[in-house]
Amino acid sequence: MFLGSYEPKMDDKGRLILPAKFRDQLEGGLVITRGQDRCLYVFPATEFERMYQELRRAPLSSRQGRDYVRVMLSGASDEIPDKQGRIVIPPQLRTYADLGKQLAVIGAGSRVEIWNGQAWNQYLAEQEEAFAQTGEEVIPGMF
């Protein structure tokens, strides 16, 4: 499980050093793709394969299913971290998530999310009140 928040910097070549706590789970390979909310999702390769098998179940007759699969897979890039734990974020994904030097890398359970640092801070500030007000009707059995 991926947990925590980190603030690494991206270098001029589009490389990111993965947080040390995430490296073991991602060293065998990973897939970076467009996420929702203008962030990037990073999945261990095995988790992405499992998710893809679920996506394949969507009927071709479902326009929403086709659209989701197209957006998710057309932006996907498989990577293997180097010995320093660095990955290259492809230019089209950097553009999609408006990534600059200042990043936020967060653990989101089964995935890692990469955010523009400023966008993450704004998102978190906006969601803080909703988080505080979340009740059992949103997440049954949680509270």
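Parameters and conventions
Counting from 1, residues in each chain are numbered in the order their sequence is written. Where totals are concerned, whole chains, interfaces and linings use all residues; where local detail is concerned, this predicted model gives features only for residues with pLDDT of at least 70, and gives and counts side-chain atom pairs only at 80 or more. Side-chain figures throughout are based on the complete set of non-hydrogen atoms in the structure, without hydrogens or water. Salt bridges are counted wherever a side-chain nitrogen of Lys or Arg sits within 4 Å of a carboxyl oxygen of Asp or Glu. Burial classes follow relative accessibility: with a 1.4 Å probe on protein chains only, a residue under 20% of its type's maximum area counts as buried, one over 50% as exposed, and anything between as partly exposed. Paired rings are identified among Phe, Tyr and Trp, the last through its six-membered ring, by centres lying within 6.5 Å, and are further divided according to the angle between planes into stacked (under 30 degrees), edge-to-face (over 60) and tilted (the rest). Cation placement over rings: the criterion is NZ of Lys or CZ of Arg within 6 Å of the ring centroid and within 35° of the ring normal. In this description, a nonpolar core means a group of buried Ala, Val, Leu, Ile, Met, Phe, Trp, Tyr and Cys residues linked to one another through side-chain atoms lying within 4.5 Å. The helix and strand labels rest on DSSP assignments: H or I over at least four residues marks a helix, E over at least two residues marks a strand, and numbering proceeds from the N terminus. Contacts are residue-level and defined by heavy atoms, with any inter-residue pair within 4.5 Å sufficient. Two strands pair if DSSP finds at least two bridges between them.

Peer 1: Just checking my understanding: could you explain the pattern of salt bridges for this structure?
Peer 2: With the rule as written, the count across this model stands at 8 salt bridges. Note that Arg-15 is salt-bridged to Asp-11, the shortest N-O span being 2.7 Å. In this structure, the salt-bridge partner of Arg-111 is Glu-113, at a minimum N-O distance of 2.7 Å. Relative accessible area serves as the criterion here: at 22%, Arg-111 is assigned to the partly exposed category. Given a relative accessible area of 7%, Glu-113 falls into the buried group. Here the salt bridges share partners, and the residues they tie into one network are Arg-63, Asp-67 and Arg-70.

Peer 1: Sorry if this is basic, but what is going on with the packing of aromatic side chains here?
Peer 2: Describing an aromatic ring pair means giving the distance of the ring centres and the angle of the ring planes. Per the stated rule, a full pass over the model turns up 7 aromatic pairs. Note on Trp-115 and Tyr-123: the rings are 5.1 Å apart at their centroids and 35° apart in plane angle, and the pair reads as tilted. Owing to a relative accessible area of 28%, Tyr-123 belongs among the partly exposed residues under this scheme. These aromatic residues form a ring-pair network of at least three members: Phe-2, Tyr-6 and Phe-22. Between the NZ or CZ atom of Arg-34 and the centre of the ring of Tyr-96, over which it lies, the distance is 5.9 Å. One Lys or Arg, Arg-111, reaches over the ring of Tyr-41 and ends 4.5 Å from the middle of that ring.

Peer 1: What am I meant to see in the nonpolar core here?
Peer 2: Side chains that are nonpolar tend, in soluble globular proteins, to be buried together. In terms of nonpolar packing, the biggest core is built from 20 residues, with Leu-26, Ile-32, Leu-40, Ile-89, Leu-99 and Ile-114 touching the most fellow members. Elements supplying a minimum of two residues to this core: helix H1 (20–26), strand E3 (30–34), strand E4 (40–44), helix H4 (91–96), strand E7 (103–107) and strand E8 (112–116). Once residues lying within four places of it in the same chain are set aside, the contact partners of Leu-99 are Met-10, Leu-40, Ile-89, Arg-94, Ile-114, Trp-115 and Asn-116. Membership of the second largest hydrophobic core comes to 12 residues, among which are Leu-55, Met-72, Ile-106 and Trp-120.

Peer 1: What is the right way to read the pairing of E3 from this model?
Peer 2: In the case of a regular strand, side chains alternate between the two sheet surfaces. Among the 5 residues of E3, 4 are classified as buried, and the element is accordingly described as predominantly covered. Pairing of E3 with E4, which is carried by 5 bridges, proceeds in the antiparallel orientation. Residue pairing across strands places Thr-33 opposite Tyr-41, the latter belonging to E4. The turn linking E3 back onto E4 is made up of 5 residues, and Asp-37 within it adopts a positive phi angle of 65°.

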